[in-house]
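Listed here are the chains, written in short residue letters.
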Amino acid sequence: MDENNQDNENQPALSRRGFLGASAVASAAGVAGVTGLASTVMTRDAYAKAADDAMANAAVHPGELDEYYGFWSGGQSGEVRIMGIPSMRELMRIPVFNVDSATGWGLTNESKAIRGASDKFLCGDAHHPHMSMVDGKYDGKYVFINDKLNTRVARIRCDIMKCDKILDVPNVQAIHGLRVQKVPHTKYVLCNGEFRVPTPNDGRDLNDPTKYTTMYNVIDAESMEMAFQIIVDGNLDNTDADYTGRFAASTCYNSEGGVTLAETMRNERDWVVVFDLLAAEKAVKDGKATTIGDSKVPVLDGRKKANSPYTRYIPVPKSPHGLNTSPDGKYFVANGKLSPTVSIIAIDKLSDLFAGKIKERDAVIAEPELGLGPLHTAFDGRGNAYTTLFIDSQIAKWNVEDAIKAYNGEKINYIKQKLDVHYQPGHNHTTMGETRDADGKYLVSLCKFSKDRFLPVGPLRAENDQLIDISGDEMKLVHDGPAFAEPHDCMIVHRSKMKPSKLWTRDDPFFAGTVAMAKKDGITLETDNKVIRDGKKVRVYMTSIAPNFGMGEFTVKQGDEVTVTVTNLDSIEDVTHGFAMTNHGVSMEIGPQATSSVTFTADQPGVFWYYCHWFCHALHMEMRGRMLVEKA
Ligand code: K7E
Ligand code: CUA
């Protein structure tokens, strides 16, 4: 308790951390000048009592359920995780761009079909999970996520909590920022191509960076096909959409078009690029788009020199990073990263900007100074914003309207509080905070470094996802949560929005391909236990009911390509079976009422036991059978 309290700057005792913070502020002041803190001084006891109360409020006792689902990206692990909030318990992992031993993701035929052409990639870098919406509110249907590493976007179905589509995005490299159209519903998934490459990137213009481009990518959320792309200047970073359905905005660094670090840092201002999605949609309909290389995707030119009706470049300082829309729909907030400021863009001025009635900078209505390294901003629905300060290792809570007043010359302290977090936060996220339902209960700070907060575990350390109670006037840290690489971003959904399935339905499209294959073989999956031989290909169909596979043995010849299809007839909640074939690298999950299949080569003669590796029954250990492989 006391150790934690020592880290709070609101208390009189000056801790080591306080010293470090103070000297950082002092040196920063030389560069930029720093706004003073609100001086709420509580006694140490009062603070301890308030923190205790907040922790007690956030406690989820054994057997109790959480109030929120959190969807966490897994960064370079390539997966998505479901967390319970406020307990911060990890509830499930959803493999997406990675390969997963427990579920067979990347091994089963169903998952390979979804992974498609990029199935050959065994890794990914997932940053931004965001849920589909209707009228600016979560609809509980899909979560979309980017893969920066292999330039992909995936969709997760929230009924079964499995990835059901992966799209390889053409013409660009490294999908980074990703959000959804919020209004009237998520027709489009919006995402940024980050790195600039030759167009098309087919070996031409290798060392002529003036010819490199990147694009804003608009994906049809239902079909998961590309709708269109817009070529832009600079490197796109993060993005968000407005609450009218018309505008989206992306932060953009490297307005210089440089390739080295020094080159990309030259300009004092880069841009927020604002997109008029409706104008772009219309331009595509009117045949104004071209295509690039072999790709059929309509491409519009939104570069500055094209003077397009669908893009505007608003100069903001300096290499801006996060882009966040306030839940009242009024503002885009661009986070300065290399500037101690955030830039507030008034969304209601954007139609005038596009109509040429005002200049770009006229849309920026305030640029409050918050501290060093502002990366991302979240909102509580009560007019306050919470910005991560990467370098200061703090969250700055500030009032948006007060910041605008201060910018207009009023003497008013818009910063309400700064809370130390541990350490170096990237994204933060409030409960329901990216929707009209922002309820201002909790804030999660995704800290990149945990340093001394957990037992040391070797040179590679956990990160630290911290839960902060924001329901009162003051932010209160209530939980430290170690996390494996690297939850860049998360979003937090009230449980009332979610309706996950308890069992699979037999007609689920997830395994429709396997059902079609069985039908061709004349198999009824729910009853048949049969081996079909088709030249060197052998298809083995079996059922499972705890604690038995429908087939205790089957025989193949060395060199056969074997496909095993298992249909789990159990219809009891939570009774999942597995199918694992020893010494063949075969492992998959078969959920209750699901069908799963896996293909491998029986390349060694001999006896190979297969077994169920998802604990299902008192006789789970006995749930097994033999594959007999005859010598070729
Ligand atoms: Cu800030 Cu990829 Cu959202 Cu990381 S990005 S922090
Ligand atoms: Cu079936 Cu374990």
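**Thoughts on the pattern of salt bridges**
Oppositely charged side chains can pair when the atoms bearing their charge come close.
No. 1: On inspection of all chains with the given rule, the structure shows 42 salt bridges.
No. 2: Residue aspartate 276 pairs with arginine 246 through a salt bridge whose shortest N-O separation is 2.8 Å. Pair noted here: aspartate 276 is in strand S14 (residues 269–276) and arginine 246 is in the loop between strand S12 (235–241) and strand S13 (247–253), with a separation of 30 residues, a long-range link.
No. 3: Using a relative accessible area of 25% as the deciding quantity, one classes arginine 246 as partly exposed.
No. 4: Arginine 361 is the salt-bridge partner of glutamate 367, the closest N and O atoms lying 2.9 Å from each other.
No. 5: The exposure class assigned to arginine 361 is partly exposed, which follows from its relative accessible area of 23%.
No. 6: Here the salt bridges share partners, and the residues they tie into one network are Glu79, Arg81, Glu90 and Arg93.

**Brief notes about the sheet that holds strand S27 (residues 463–469)**
No. 1: Here 4 strands make up an open sheet; going across it, the order is S25-S26-S27-S28 and the pairing antiparallel. Both outer strands of the open sheet, strand S25 (425–430) and strand S28 (476–483), are each paired with one neighbouring strand and no more. Each neighbouring strand pair of the sheet contributes to a mean axis angle of 20°, computed without reference to strand direction.
No. 2: Here S27 runs beside S28; their pairing, made up of 7 bridges, is antiparallel. Counted as the bridge partner of isoleucine 468 is leucine 477 from S28.

**Notes on the confidence of the model for the chain**
Low-confidence regions, as indicated by low pLDDT, have predicted coordinates that should not be scrutinised in detail.
No. 1: Summary statistics for the chain give a mean pLDDT of 93 and a share of 93% for residues scoring 70 or more.
No. 2: Within the model, pLDDT remains below 50 along residues 1–39, and this stretch shows 63 contacts once partners closer than five positions in the same chain are excluded.

**Some words on the nonpolar core**
No. 1: Judged by nonpolar contacts, the single largest core of 90 residues is most densely connected at Phe71, Met542, Phe554 and Phe579.
No. 2: Excluding anything up to four places from it in sequence, methionine 542 contacts Asp528, Asn529, Phe549, Met551, Phe554, Val564, Thr565, Val566, Thr567, Phe579 and Tyr610.
No. 3: In this structure, Ala227, Ala241, Tyr310 and Tyr313 belong to the second largest nonpolar core, which totals 21 residues.

**Looking at the environment of proline 509**
No. 1: Assignment of secondary structure puts proline 509 in the loop between strand S29 (490–494) and helix H9 (512–520).
No. 2: Counting along the chain gives 345 residues from proline 509 to aspartate 164, while the straight-line C-alpha distance between them is 9.0 Å.

**Here we look at helix H8 (residues 400–407)**
No. 1: Residues of H8 that are buried include every one of Val400, Asp402, Ala403 and Ile404, and no others.
No. 2: Its side-chain oxygen 3.2 Å from the backbone nitrogen of glutamate 401, asparagine 399 forms the N-cap of H8.
No. 3: Positive phi shows up at glycine 409, right after H8, with a value of about 105°.

**Things to note about unusual backbone geometry**
No. 1: With an omega of 15°, the peptide bond running from isoleucine 85 to proline 86 counts as cis.
No. 2: The peptide bond linking valine 183 to proline 184 adopts the cis configuration, its omega dihedral lying at -10°.
No. 3: Position of proline 184 among the secondary structure elements: in the loop between strand S8 (173–180) and strand S9 (188–195).
No. 4: Despite not being glycine, serine 393 has its phi angle at roughly 50°, a positive value.
No. 5: With respect to the helices and strands, serine 393 occurs in the loop between strand S22 (384–389) and strand S23 (394–399).

**Focus: a nonpolar patch on the surface**
No. 1: Taken together, the side chains of Leu261, Met265 and Leu338 define a hydrophobic patch exposed on the protein surface, amounting to about 290 Å² of accessible area.
No. 2: Along the polypeptide, leucine 261 turns up in helix H5 (residues 261–264).

**Here we look at the side chain of threonine 311**
No. 1: By secondary structure assignment, the location of threonine 311 is in strand S16 (residues 311–317).
No. 2: The class of threonine 311 is buried, set by a relative accessible area of 4%.
No. 3: A distance of 2.8 Å separates the side chain of threonine 311 from the backbone oxygen of glycine 302, its partner in a polar contact.
No. 4: One polar contact links threonine 311 to serine 308, side chain to side chain, over a distance of 2.7 Å.
No. 5: With sequence-adjacent residues up to four places away left out, threonine 311 is seen in contact with Ile230, Val273, Val274, Phe275, Gly302 and Phe354.

**Focus on helix H6 (residues 277–285)**
No. 1: Every buried residue of H6 is listed here: Leu277, Ala280, Glu281 and Ala283. Buried positions in H6, seen along its axis, are confined to an arc of 160° and lie on one side of it. For H6, the exposed residues lying more than 90 degrees away from the buried face are Lys282 and Lys285.
No. 2: Close packing links the buried residues of H6 with S9, strand S10 (214–220), strand S11 (226–232), S13, S14 and strand S15 (299–301).
No. 3: For H6, the N-terminal cap is aspartate 276; the gap from its side-chain oxygen to the backbone nitrogen of leucine 278 is 3.2 Å.
No. 4: Note on H6: the residue one or two positions beyond its end, glycine 287, has a positive phi of about 75°.

**So, the pairing of S27**
No. 1: Extensive coverage of S27 is indicated by the burial of 7 of its 7 residues.
No. 2: Alternating residues of S27 divide into Glu463, Asp465, Leu467 and Asp469 and Asn464, Gln466 and Ile468, and every residue in both groups is buried.
No. 3: Across 6 bridges, the pairing between strand S26 (residues 442–447) and S27 is antiparallel. Along S27, the bridge assignment pairs tyrosine 442 with aspartate 469.
No. 4: Linking S27 to S28, which pair antiparallel, is a turn of 6 residues.

What counts, and where the lines are drawn
Residues numbered from 1 in each chain as written. Chains lettered and ligands numbered in written order. Predicted model: local features only at pLDDT ≥ 70, side-chain atom pairs only at ≥ 80, totals over all residues. Heavy atoms only, no water. Salt bridge = Lys/Arg side-chain N within 4 Å of Asp/Glu carboxyl O. Helix = DSSP H or I, 4+ residues; strand = E, 2+ residues; numbered from the N terminus. Buried < 20%, exposed > 50% of the residue type's maximum accessible area, 1.4 Å probe, protein only. Pairing = 2+ DSSP bridges. Axes fitted to C-alpha atoms, helices over the stretch in contact; angles between N-to-C directions. pLDDT = per-residue confidence, 0-100. Contact = heavy atoms within 4.5 Å. Core = buried A, V, L, I, M, F, W, Y, C linked by side-chain atoms within 4.5 Å. Polar contact = N/O pair within 3.5 Å; in protein donor to acceptor, adjacent residues only side chain to side chain. Patch = residues over 30% accessible without salt bridge, like charges linked within 9 Å, V, L, I, M, F, W, Y side chains within 5 Å. Areas by Shrake-Rupley, 256 points an atom, 1.4 Å probe, with all protein chains shown as cover. Arc of directions from axis to C-beta.

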